[in-house]
Amino acid sequence: MSNHTVLIKPTGTIAGDGEAIAAIRSSLNGALRGKPEVVEHVLACLLARGHLLVEDLPGLGKTTLAKALAKSIGGRFARIQCTPDLLPGDVTGFRVYDQKTREFEFLPGPVFADVLLADEINRATPRAQSALLEAMAERQVTVDATCHNLPETFFVIATQNPVDQHGTYPLPEAQLDRFAMKLRIGYPGRDDEHAMLAAAVGPSSRGRERDGVPSSLDPMRLGELQDRVASVEVGRLVRGYLVDLAAATRVHRQVTLGLSPRGLLTWQRLAQARAFLLDRGFVTPDDVQDVARPVLEVRLGIEPEATTRVITEILAAVAVPIPNGGRDI
Amino acid sequence: MAEAAPGTRSSQSTILVMTSLAAIAVGLAIAEPERSMRASITGSLALLIPVVLIAWILGNRTRRASPVRLLDSESLPAGIVAGLIVLFVMSYGVEVAREAFSGRRVMPEIILIAALRNLTLGMTSLSHRPALARLAVLLDLFLICISSAMAKGQVMIIIVALFAPAGCLWLLLSHRGSVRLIGPIEGRDHFPLATATFLMMAAGSVFVLAAVGPTRAATALIGLMPTSGGTDWNDPDSLGGVNDGDNEVSASQNPQSVGFTESEIYLESDRPSLYDAFNEQYGEAIRPKKQERMIALAPTEVREQKERPSENLQAGRQFPMLRRKPTREGFRPREREAKALIYLKGPCPIHIPLVAYDHFDGKSWSEAAHCTTRCPLEREGKGAWLRVGNPTSTALQGTVTHQVKIGTLDSSPLPIPAQIARLRVGSVDQPDFFGWAQEGIVKMQGRTVPAGTLIDVESFTVDHSELGSVEFPEPSSPLTDRYLASASGGYRIDPAVAALVGTWVSGRTRGWGQVESVVSALRGTCVHDRTATIPEDCPDPVRHFLLDSRRGADYEFATAAAVVLRTLGYPCRLVSGFYASSERYDPRTRHTPVLSEDAHFWAEVRLPNGVWIAVEPTPGYALMAPALSWSRRLVGVINGVIGWLKTNWPGLCLSALSLISALRFRRELADAVLTLGWWLTPGRDESLLLDRTFRLIERRSRWAGNPRPFSSTPRRWYGGLAPLVETGRPGGDLATVLASLERVFYAPVGGIRGEWPGGGDAATACRRVIETWTLSRLRTVRRGIPS
């Protein structure tokens, strides 16, 4: 321990990052009132280079959130409204015959965007859903044996409706594992609804909504931030804590599908993002616990009503690592 | 996550089975000998019914209320602990009550085992709590081990054979419980039935092979068990015997193994008698040189004798006090094969009278004539017990039971304690076989007691405190005259000795008090020395002992006591025999062997109602304590305690007060010590300082009854408490300390030294945290938090 010195002043971010993140945070908070914790998770997901699944009732702001995010990143935004007749080509794009050049020309689909909103994803057929698989996992699309790369900052926000399951195709586990986290937004509080109503009054509300959110980042800058998140440090104890937690998910009796290694990697990356957002250069067990719920919710095969309880049990079963006395520090 | 949660139904059932087996085994082990096996098992099963019911109800309720049992850290409610303690103590209470009611005493280890059995039953009924379940299994194992060592028989083998697989099953289940840690219990456990069955069958087949297999295999397996040995070897800790092992073991299972139990060996041999023991112990007697005289006989009286002249070995033996210095042979290291004269089982120390002497001529004691009165032995009931119609006396309180086995002693008087109430000698059930050797000493008529004879005897103990009220009339009865000074032939006590005795008893009225003062004077003023001998030309050994040497063997003490007491007018006699010392007790065989070194002399005083009471004037020897009833003992103990309290009350009050306050404020004290330690050695650098600060706060939190759950991070837990703790004080220090501590704990090694946020330094922040987060504040906070 003698060779170790204490970093008193946290230096997680470098100058300028803070402002950019604060700008996105404030714009998202403006779009989605009274849900700062959801906004934090969305930001963490974005910085961890993960995709986001938002599941909630209609009208709670899923699409608003997605659009606000796309706008604040400043990249290209695309939206797919998933229906049962959606074809894979509608997602990825397709080749058309150009009469003039007498050649097949590739028309890129909405997937070639920086932020893709897949609305009501569980209404698409498994065939169309699987078209997103490659795009989400490898950030590339293969059409007619030709590989097309997607932008590095490609980010999918999918939404789904927990009620009205009639005529839907629930996402398979493999597809779910591609999402970094699943979020629920929930109803806003009373005061937030008050403020929301007040803000909606007035003739200029439409225009304000159209161009109210300024773009505070560009995709290049986002890529830099994502790289910096990936280099946030994770200590040996915290890694052990993550492994223990993963093991705990696999022995829980109600969990049909334990955490996969890919899920564990995602969890670590999200914890890094959380530490980065808190302006810290290393991950603590608090970060791991903070992102545990959205990470586990999307990939443990649990009944929805038991999710909270099971995740609480898993967290409660694993001891937070504390070094043993002075020598270990 | 290594803690198990063995609260499942299957593991609880296994524990119930194990406890049932253990309870039955204990029931068999501690049952009274006359109780039937069926009654013992039924009794144990009756005890189990409430246990099963409680375990079932509590287990179900717990599983329903909280299906998830993650943590094993919950503490036991005080009620449960108190209940378990009551269960443990209960059997002691029951035994005390039983003793008061029926007068029968039970060995303390039996009570202890019963208490442990009750404790196990209590824990089993609460076996939905993992900690108690594990403890119950541990106690089960202990009880099975101890009872299988105490009781024998087929049933015990079956119980052990059933317990072993049940124990294995429990181990399997508890291991599974520890692996499958989290989550509710739903439906039946999927248990590896096939594997378990295979293992059990494999283990069972070994037992079957051992029991009924080919002779060679079975014999080889039996060799693994502790026995008295096979050919040419023996095991000192054996329980049963096979083959020709020479250890002394019970012949209950195999007639070839003959041991220290009742046997019918009636063989004459050259065994040592009591007088041989005397010669070995005290040296040989100095006899006057033979003086041969020629006497003319009439020719008619002269007859040629061809056969060996007959010897008179019977009566008229004497014990001269003038003896040669004893050879030291008795103190040589004894050979392993040495056998005791007798073996004694029962409370010690005890005096075993064999010969009484009533006539003293100044130098030698002569054995009393054989008692002519009929020995009042009567047959009792159907068995071989013979009851003695002892004269009643209030001093005879309570009885003790002894078992004596004749070893190498050759003696016609029975080597048994005095004041017998009833006795049983082997299977001899005829009172005619016995008679008085001397008054109070039973002998076997016309023969010596054969070696190997087992004598059970119940005798009264003497409560000396009752003797104070006995009135000794002035000597007048012709029956007692020969035990008084007037009967001592030509011997008269020396006037100087009489004067000395006068000083001993001055101020004491006639009665037992005088006897006691003589005895205590002898014990106090003279030194016991076995090697001291009286000069050959000494005219008055008593005077020599009391006035000149003040040192001598036990017969000199006893003689002095007898002579002095006779002079004072108390009927008194010298008694020789053995003194069974508790120091000789052999815990392995549970017997006290009596060797020739234990030959001993003491005196006996005759009460007016004819009871002979032993007095022990030799220092280093003790009389047996009276077996008082529990109420009298209780009164004695209470009186003793009260007396002790009266003399020591100031110190006691002080220590009690300090003990109570130390207990009451133990956490405060510990906190003060740790805080002092924190102040004195703050740590070499900031990380160590932060760590020590954190650990002190953790300890305080635990002592305040509000410990951080292990799954909660420091920031989450103490951050939640901070608004409550830091009210009215400058706050925020803990957050700063925790933020830096996180870096110490979780950041990879090699940080950057920077400025302490918010000014000041780490030491100041830590100090403020230590001053703010005190034990008392944490306690207050705990009271404020709803549970």
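Residues numbered from 1 in each chain as written. Chains lettered and ligands numbered in written order. Predicted model: local features only at pLDDT ≥ 70, side-chain atom pairs only at ≥ 80, totals over all residues. Heavy atoms only, no water.

## A look at the overall build of chain B
In plain terms, the rule: The helix count covers DSSP runs of H or I at least four residues long, the strand count covers runs of E at least two residues long, and both are numbered beginning at the N terminus. Any pair of residues with heavy atoms lying within 4.5 Å of one another is described as a contacting pair. In these tables, accessible area is a Shrake-Rupley quantity obtained with a 1.4 Å probe, and a residue counts as shielded only by the protein chains included in the view.
When you go through chain B residue by residue, the secondary structure sums to 21 helices and 17 strands. A fraction of 74% describes how many contacts in chain B between residues 6 or more apart in sequence connect residues 24 or more apart. About 41900 Å² of surface is accessible on chain B, with carbon and sulfur atoms providing 60% of the total.

## Remarks on the sheet that holds strand β3 (residues 350-360) of chain B
Residue and element names in this part refer to chain B. Convention followed: By this definition, two strands are paired if DSSP reports at least two bridges between them. All axes are obtained by fitting lines to C-alpha atoms, using only the stretch in contact for helices, and the reported angles, taken between N-to-C directions, cover 0 to 180 degrees.
Reading across from one edge, β1-β4-β3-β14-β16-β17 is the order of the six strands in this open sheet, with antiparallel pairing throughout. With one partner strand each, in any of the chains shown, β1 (318-320) and β17 (612-615) form the two edges of the open sheet. When strand polarity is set aside, the average angle formed by the axes of neighbouring strands in this sheet is 40°. Sheet analysis places strand β14 (residues 572-580) next to strand β16 (residues 599-606), joined by seven bridges and oriented antiparallel.

## Examining empty space enclosed by the protein
Residues and elements named next belong to chain B. Worth spelling out the cut-off: Buriedness of a pocket was judged along seven lines, with at least five required to meet protein on both sides within 12 Å; pockets are open sets of points on a 1 Å grid over the protein atoms alone, cavities are sets where a 1.4 Å probe fits but cannot get out, and lining residues have an atom within 4 Å of a point. Grid points are joined across faces, edges and corners, and a volume is the space filled by probe spheres set on the points. Polarity classes work like this: nonpolar for Ala, Val, Leu, Ile, Met, Phe, Trp, Tyr, Cys and Pro, charged for Asp, Glu, Lys and Arg, and polar for all others, with Gly in that last group.
For the structure shown, the criterion picks out seven cavities of 30 Å³ or more. Its boundaries defined by the atoms lining it, the largest cavity holds a volume of some 240 Å³. In terms of lining, the largest cavity is formed by 17 residues, of which the most central are Gln 419, Val 462, Ala 614, Leu 623 and Met 624. Counting only elements with at least two residues in the lining of the largest cavity, the list comes to β3, β11 (454-462), β16 and β17. Residue composition of the lining of the largest cavity, grouped by class: eleven nonpolar, five polar and one charged.

## Structural notes on helix α18 (residues 714-725) of chain B
For the record, the criterion: The classification of residues rests on relative accessible area computed with a 1.4 Å probe and restricted to protein chains. Under 20% of the type maximum is buried, over 50% is exposed, and intermediate values are partly exposed. As used here, the arc belongs to the directions running from the helix axis to the C-beta atoms.
Residues of α18 of chain B that are buried: Pro 714, Tyr 718, Leu 721, Ala 722 and Val 725 of chain B. With its buried residues spanning 130° around the axis, α18 of chain B presents them on a single face.

## As for the packing of helix α19 (residues 733-746) of chain B against helix α20 (residues 762-772) of chain B
Packed helix pairs are specified by the crossing angle of their axes together with the interaxial distance, meaning the distance between the axes. Residues and elements named next belong to chain B. Put simply, the test is: Each angle gets one of four labels, with under 35 degrees taken as roughly parallel, over 145 as roughly antiparallel, 65 to 115 as roughly perpendicular, and the rest as oblique. Should the near helix be turned counterclockwise from the far one by less than a right angle, the crossing is left-handed, whereas a clockwise turn marks it as right-handed.
Taken N-terminus to C-terminus, the directions of α19 and α20 make an angle of 125°; their axes are 9 Å apart at the nearest point. One finds that α19 runs oblique with respect to α20. Like other packed secondary-structure pairs, α19 and α20 cross with a definite hand, here left-handed. Between α19 and α20, the residues in contact are Asp 733, Leu 734 and Val 737 and Ala 765, Cys 766, Arg 768 and Val 769, respectively. Here the contact of α19 with α20 is built from residues that sort into five nonpolar, no polar and two charged.

## Notes on unusual backbone geometry
Excluding glycine, a negative phi dihedral is what most residues carry, and trans is how most peptide bonds are arranged. That bond from Cys 348 of chain B to Pro 349 of chain B is cis: its omega, -5°, falls within 30 degrees of zero. Within the fold, Pro 349 of chain B resides in the loop between β2 (342-345) and β3. Residues other than glycine seldom take positive phi values, yet Arg 139 of chain A does so here, at roughly 55°. Along the polypeptide, Arg 139 of chain A turns up in the loop between α5 (126-138) and β6 (140-143). Notably, Gln 419 of chain B is not glycine yet its phi reads approximately 55°, a positive angle. Along the chain, the position of Gln 419 of chain B falls in the loop between β7 (396-406) and β8 (420-425). Residue classification places Gln 419 of chain B among the buried residues on the basis of a relative accessible area of 13%.

## Brief notes about the pattern of salt bridges
Which entries qualify depends on this criterion: What makes a salt bridge here is a side-chain nitrogen of Lys or Arg within 4 Å of a carboxyl oxygen of Asp or Glu, nothing more.
Enumeration over the complete set of coordinates arrives at 39 salt bridges over all chains. A salt bridge links Asp 554 of chain B to Arg 530 of chain B; the shortest N-O distance between them is 4.0 Å. With a gap of 24 residues between them, Asp 554 of chain B in helix α14 (residues 554-567) and Arg 530 of chain B in the loop between β12 (527-528) and α13 (541-549) connect regions that are remote in the sequence. You'll find Asp 554 of chain B and Arg 530 of chain B in the same group, each marked buried. Overlapping salt bridges, with partners in common, bring together Glu 55, Lys 182, Arg 184, Arg 293 and Glu 297 of chain A in one network.

## Observations regarding the sheet that holds β8 of chain B
Residues and elements named next belong to chain B. As summarised here, the arrangement of the seven strands in space is β5-β6-β8-β11-β7-β2-β15, forming an open sheet in which the pairing is antiparallel. A strand with exactly one partner marks an edge of an open sheet, and here the two such strands are β5 (377-379) and β15 (592-594). Across the sheet, the mean angle from the axis of one strand to that of its neighbour is 25°, orientation sign disregarded. Pairing between β2 and β15: three bridges, direction antiparallel. By the bridge assignment, Leu 344 is partnered in β15 with Thr 592.

## Points about the pairing of strand β5 (residues 115-119) of chain A
All names here are of chain A. β5 sits mainly inside the fold: five of its five residues count as buried. In β5, alternate side chains face the same way, and those of Val 115, Leu 117 and Asp 119 on one face and Leu 116 and Ala 118 on the other are all buried. Bridging between strand β2 (residues 77-81) and β5 involves five bridges; their strand directions are parallel. The partner of Ala 78 across the bridge, within β5, is Leu 116. The pairing of β5 with strand β8 (residues 155-160) spans four bridges and is parallel. Looking at β8, one finds that Ala 118 is bridged to Ala 158.

## Considerations on the environment of Pro 541 of chain B
Residue and element names in this part refer to chain B. One can find Pro 541 in helix α13. Take Pro 541: its relative accessible area is 1%, and that puts it in the buried class. Setting aside chain neighbours within four positions, we find Pro 541 in contact with Met 321, Leu 322, Gly 362, Lys 363 and Ile 534.

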